[in-house]
Amino acid sequence: MESLLNLPLAGGASVRLLQITDTHLFAKKSETLLGVNTWDSYHAVLEAINASQREVDLVVATGDLAQDHTSAAYQHFAEGIARFSAPCVWLPGNHDFQPAMYSTLQDAGISPAKRVMVGEHWQILLLDSQVFGVPHGELSDFQLEWLEKRLAEAPERYTLLLLHHHPLPAGCSWLDQHSLRNAASLDNVLVNFPKVKHLLCGHIHQELDLDWNGRRMMATPSTCVQFKPHCANFTLDTVSPGWRWLELHADGSLTTEVCRLAGSEFHPDTASEGY
Ligand SMILES: Nc1ncnc2c1ncn2[C@@H]1O[C@@H]2COP(=O)(O)O[C@H]2[C@H]1O
Ligand SMILES: [Fe+2]
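Residues numbered from 1 in each chain as written. Chains lettered and ligands numbered in written order. Predicted model: local features only at pLDDT ≥ 70, side-chain atom pairs only at ≥ 80, totals over all residues. Heavy atoms only, no water.

This paragraph deals with a negative patch on the surface. Taken together, the side chains of Glu138, Asp141, Glu145 and Glu148 define an acidic patch exposed on the protein surface. Residue placement: glutamate 138 occurs in the loop between strand 8 (122–126) and helix 4 (141–153). Here glutamate 138 falls in the partly exposed class, since its relative accessible area comes to 40%. (Patch = residues over 30% accessible without salt bridge, like charges linked within 9 Å, V, L, I, M, F, W, Y side chains within 5 Å. Areas by Shrake-Rupley, 256 points an atom, 1.4 Å probe, with all protein chains shown as cover. Salt bridge = Lys/Arg side-chain N within 4 Å of Asp/Glu carboxyl O. Lys, Arg positive; Asp, Glu negative; His and termini not counted. Charge placed at Lys NZ, Arg CZ, Asp CG, Glu CD. Helix = DSSP H or I, 4+ residues; strand = E, 2+ residues; numbered from the N terminus. Buried < 20%, exposed > 50% of the residue type's maximum accessible area, 1.4 Å probe, protein only.)

Moving on, we come to the coordination of the iron ion (ligand 2). Protein coordination of the iron ion (ligand 2) is provided by Asp64 (OD), Asn94 (OD1), His164 (NE2) and His203 (ND1), with donor distances spanning 2.1 to 2.3 Å. Expressed as a motif, the donor residue spacing for the iron ion (ligand 2) is D-x29-N-x69-H-x38-H. Placement of the pair is histidine 164 in the loop between strand 9 (158–162) and helix 5 (173–176) and histidine 203 in the loop between strand 10 (196–201) and strand 11 (208–212), with a sequence separation of 39 residues. Like histidine 203, histidine 164 is buried. (Donors = N, O, S within 2.8 Å, 3.2 Å for Na, K, Ca; no water.)

At a minimum axis separation of 10 Å, helix 1 (residues 38–52) and helix 2 (residues 71–81) run at an interaxial angle of 15 degrees. It follows from the interaxial angle that helix 1 and helix 2 lie roughly parallel. Crossing handedness for the pair helix 1 and helix 2: right-handed. Here Trp39, Tyr42, His43 and Leu46 of helix 1 lie close against helix 2, whose contacting residues are His76, Phe77, Glu79, Gly80 and Ile81. (Axes fitted to C-alpha atoms, helices over the stretch in contact; angles between N-to-C directions. Parallel < 35°, antiparallel > 145°, perpendicular 65-115°, else oblique. Left-handed = near helix turned anticlockwise from the far one by under 90°. Contact = heavy atoms within 4.5 Å.)

Given below as structure tokens:
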């Protein structure tokens, strides 16, 4: 938990982040989730990112990296990430199995750091909102205290906060029952730290960009199946897998862009009713 990653930057430069989320990989590369081969869609995303020739300073992976709790699935994740020369940091989602996740990713050279000091002006903090065995999220007292301490230690830095679960309703009632249950406790910590203006999630398999009590809360498409926005019941979307670029600027501002694959190769079986 205490391990720290330092990302030095040439003076004044902004930092370029790539967010990859909800890869839902399996031990067997032929496995599918709701009709989508998650290994193939992950690789198609990585290929498209590669083809865009954009510079990456840090990859952030925001949970649900594996669907089946296996070390092999995490090895597959690491195999894909190895094509970047930039470091990668990760946090767990509701589907992850942390013992396998931690050791397999570390063996593959992926840092378990949950705090990244970015140049002179920013830090990135990665929270664990997993409640093992259930889809909703909650931040433990330990997580909340850890967060408060890290913020208090560096009050001059802008902070980007990463967590798997969304802290406010996303507009799909079936997904909102699986949100961060103690968002008010998180808000109680953050209210004392005005330099935390940006939060970034996974989990909801759709793009979202909302105001949460004066902070910008973003969520990002999964690299596999997509959920349709504004639905009361489980509904899959026929938009393609995606990823997000973010740029952290020295003045505390953040610019971002969501990209998706072209084509319809990875559209799910819309008759599926869940997983
Ligand atoms: N039909 C369904 N109704 C409610 N929740 C579901 C349904 N199908 C799957 N889920 C859960 O909702 C979660 C949302 O995204 P996850 O990938 O975390 O994993 C999903 C499942 O745990
Ligand atoms: Fe999730």
